[in-house]
Amino acid sequence: MKLIPDTALGARAIIEALVGLPERARRFALERVAIVLTGGASHGGAIELSSFAKCAWLIVLDDRVGAASTFLHELAHCMSGHREPSVDAEHEAATLAQSWGARGDSGDADGCAGRFRPRTQPAPVAALSVDGRELHLACSKCGATCFAIALVVAGLDASCWIECKCSNIGDIVNLAPLVPCRCGERAGVTWAASATPEHPLATWACSCGERIERELRSGPDPSPPDDPVIDADDPVMFPLALAAADVARIAHSMRAMGADGPANPVAVESVRAGIVAVRTSLAKFAHRLAPDDLRRVMLNAAAANLARVSSALAAGDASAAADAVTAARRTLAALLGLPDRDRGDVPAATPEGRKS
Ligand SMILES: [Zn+2]
Ligand SMILES: [Zn+2]
Ligand SMILES: [Zn+2]
């Protein structure tokens, strides 16, 4: 076993869970498994792969309260040979983990199965422009052009990250299997020497002699515009941008908490404390605006949605909390994107004051 600890407390909890296992499971863990803890004292880590040479499975854990139960759940996935996520896999892993002493959600078979949501990735089909020189990837489910980020390195196989508004996660795809040569064979597709991420030119080179260059075209970005660059001297937009960033972080924490079942009470309380801080700053900001200012109405709507997040979290209703945080984020994003003329009476930022 290879253990990469983050805090002594977190590592110790894993070791204690390990010695509490039936010997067969402990043997499996000691012989086959690597464990990486992160998020306790660090934000991440870089580890040479050779450290894991003797391991068949890698378990990555948030170093937080409850990590030992999560470890048992993940170890159960490894021992059961679950290579694809599924409802059945969740049920089986939680049942086994519970028999090993996992507490809370990690050992709750029906809960884990019920919370399971498959990851949906876009399945692209290639579409060429009339002259064949431009390529976009259309989503086979909804037909929209996938948002694409070309992973350009001259001479390397051409691949890109794609996302679609109809999927909940993106994917890295290789261009070669998507567009065969005109002769029907699979051509080698590499990034051209002159290619850059902004101008992702790829070369199709086929054994039949055909050689053609095409540029990959992206569709619109499906993620909400929640990270505008705001001038720190702008008295109106800057506090709003900070609040929007705080809400984005809250949404992120909520997603992280939900990743392996609902969170422990400490995490929930820390998120709720974060919400109080943002609501306070929104209230201060709203207070400076005229009563009939549209932004004041929107700020109050965002604050009300944050209050809903807090009470939904307290009630353990993760999906209501997620809906409310999304609504709050949309309102703040809309506020940040409002044109000057819609901002009411408070001196608005000069256009030069904003970079975007
Ligand atoms: Zn699981
Ligand atoms: Zn789609
Ligand atoms: Zn060919």
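Residues numbered from 1 in each chain as written. Chains lettered and ligands numbered in written order. Predicted model: local features only at pLDDT ≥ 70, side-chain atom pairs only at ≥ 80, totals over all residues.

Colleague: Lay out the overall build of the protein with the relevant residues and their values.
Modeller: Scanning the protein from N- to C-terminus turns up nine helices and 11 strands. Split into buried and exposed, the 356 residues of the protein put 30% on the buried side. Intrachain contacts of the protein at a sequence separation of at least 6 include 59% that bridge at least 24 residues. (Helix = DSSP H or I, 4+ residues; strand = E, 2+ residues; numbered from the N terminus. Buried ≥ 20, exposed ≤ 12 C-beta atoms within 10 Å, placed from the backbone. Contact = placed C-beta atoms within 7 Å.)

Colleague: Can you break down the nonpolar core residue by residue, with the values?
Modeller: If you look at the biggest cluster of nonpolar residues, it comprises 27 residues, and the most contacted ones within it are Leu240, Val247, Val309, Val325, Ala328 and Leu332. Contributions of two or more residues to this core are made by helix H6 (237-258), helix H7 (265-287), helix H8 (294-314) and helix H9 (318-337). The greatest single-element share of this core, amounting to nine residues, is contributed by H6. For leucine 240, the residues in contact, after removing those within four places along its chain, are Phe285, Leu332, Leu335 and Leu336. Counting 25 residues, the second-largest nonpolar core is a separate cluster that includes Ile14, Ala67, Phe71 and Cys78. (Core = buried A, V, L, I, M, F, W, Y, C linked by C-beta atoms within 7 Å.)

Colleague: Could you give an account of the sheet that holds strand S11 (residues 211-217), with specific residues and numbers?
Modeller: Taken in spatial order, the five strands line up as S4-S5-S11-S10-S9 in an open sheet, and their pairing is mixed. Edge strands, defined here as strands with exactly one partner in the open sheet, are strand S4 (124-128) and strand S9 (188-191). In this sheet, neighbouring strand axes are inclined to one another by 35° on average, regardless of whether the strands run parallel or antiparallel. Where strand S5 (residues 134-139) lies against S11, three bridges are found, and the strand directions are parallel. Bridged to glutamate 134 within S11 is glutamate 215. (Pairing = 2+ DSSP bridges. Axes fitted to C-alpha atoms, helices over the stretch in contact; angles between N-to-C directions.)

Colleague: Tell me about the sheet that holds strand S1 (residues 2-4), and please be specific about residues and values.
Modeller: Pairing within the open sheet is parallel, and its three strands lie in the order S1-S2-S3. At either end of the open sheet lies a strand with only one pairing partner, and these are S1 and strand S3 (57-62). The sheet shows a mean angle of 10° between the axes of neighbouring strands, direction not considered. As defined by bridge partners, strand S2 (residues 33-38) adjoins S3 across six bridges and the pair is classed as parallel. Bridging across to S3, valine 33 finds its partner in tryptophan 57. Sheet strands touched by helix H3 (residues 67-79): S2 and S3. Its angle to S3, the strand with the most contacts, is close to 155°.

Colleague: Hey, could you go over the confidence of the model for the protein for me, with residue numbers and the actual values?
Modeller: When pLDDT is averaged across the protein, the result is 87; 90% of the residues are at 70 or more. Segment residues 339-356: pLDDT under 50, and 32 contacts once partners within four positions in sequence are set aside and those in other chains are kept. (pLDDT = per-residue confidence, 0-100.)

Colleague: Mind laying out the packing of H8 against H9, listing which residues take part and the relevant values?
Modeller: It is the contact of H8 with H9, at a shortest axis distance of 8 Å, that shows an interaxial angle of 160°. With respect to H9, the element H8 is oriented roughly antiparallel. Here H8 runs over H9; the crossing is left-handed. Facing Arg295, Met298, Ala301, Ala302, Asn305, Leu306, Arg308, Val309, Ala312 and Leu313 of H8, the residues of H9 in contact are Ala320, Ala321, Ala324, Val325, Ala327, Ala328, Thr331, Leu332, Ala334 and Leu335. By residue class, the composition of the contact of H8 with H9 is 16 nonpolar, two polar and two charged. (Parallel < 35°, antiparallel > 145°, perpendicular 65-115°, else oblique. Left-handed = near helix turned anticlockwise from the far one by under 90°. Nonpolar A, V, L, I, M, F, W, Y, C, P; charged D, E, K, R; others polar.)

Colleague: How would you sum up the packing of H7 against H8? Please name residues and give values.
Modeller: Following both chains from N to C, one finds H7 and H8 inclined at 165°, their axes separated by 10 Å at the closest point. Of the possible angle classes, the one that applies to H7 and H8 is roughly antiparallel. The element H7 and its partner H8 pack so that their crossing is left-handed. Between H7, through Val268, Val271, Arg272, Ile275, Val278, Arg279, Leu282, Ala283, Phe285 and Ala286, and H8, the contact on the second element is made entirely by Arg296, Leu299, Asn300, Ala302, Ala303, Leu306, Ala307, Val309, Ser310, Leu313 and Ala314. Here the contact of H7 with H8 is built from residues that sort into 16 nonpolar, two polar and three charged.

Colleague: I'd like a description of the environment of glutamine 121, backed by residues and values.
Modeller: Topologically, glutamine 121 is positioned in the loop between helix H5 (109-115) and S4. Note on glutamine 121: 16 C-beta atoms within 10 Å, which makes it partly exposed. Sequence separation between glutamine 121 and aspartate 171 is 50 residues; the distance between their C-alpha atoms is 6.2 Å.

Colleague: Could you give an account of H9, naming the residues involved and the relevant values?
Modeller: Because each turn of an α-helix spans 3.6 residues, side chains separated by three or four positions in sequence point in the same direction. Between its first and last C-alpha, H9 extends 28 Å over 20 residues, near the 28 Å set by a 1.5 Å rise per residue. Where H9 is concerned, the buried positions are Ala321, Ala324, Val325, Ala328, Arg329, Thr331, Leu332 and Leu335. All buried residues of H9 project into a common sector of 160° when viewed along the axis, lining one side. (Expected span 1.5 Å × (residues − 1). Arc of directions from axis to C-beta.)

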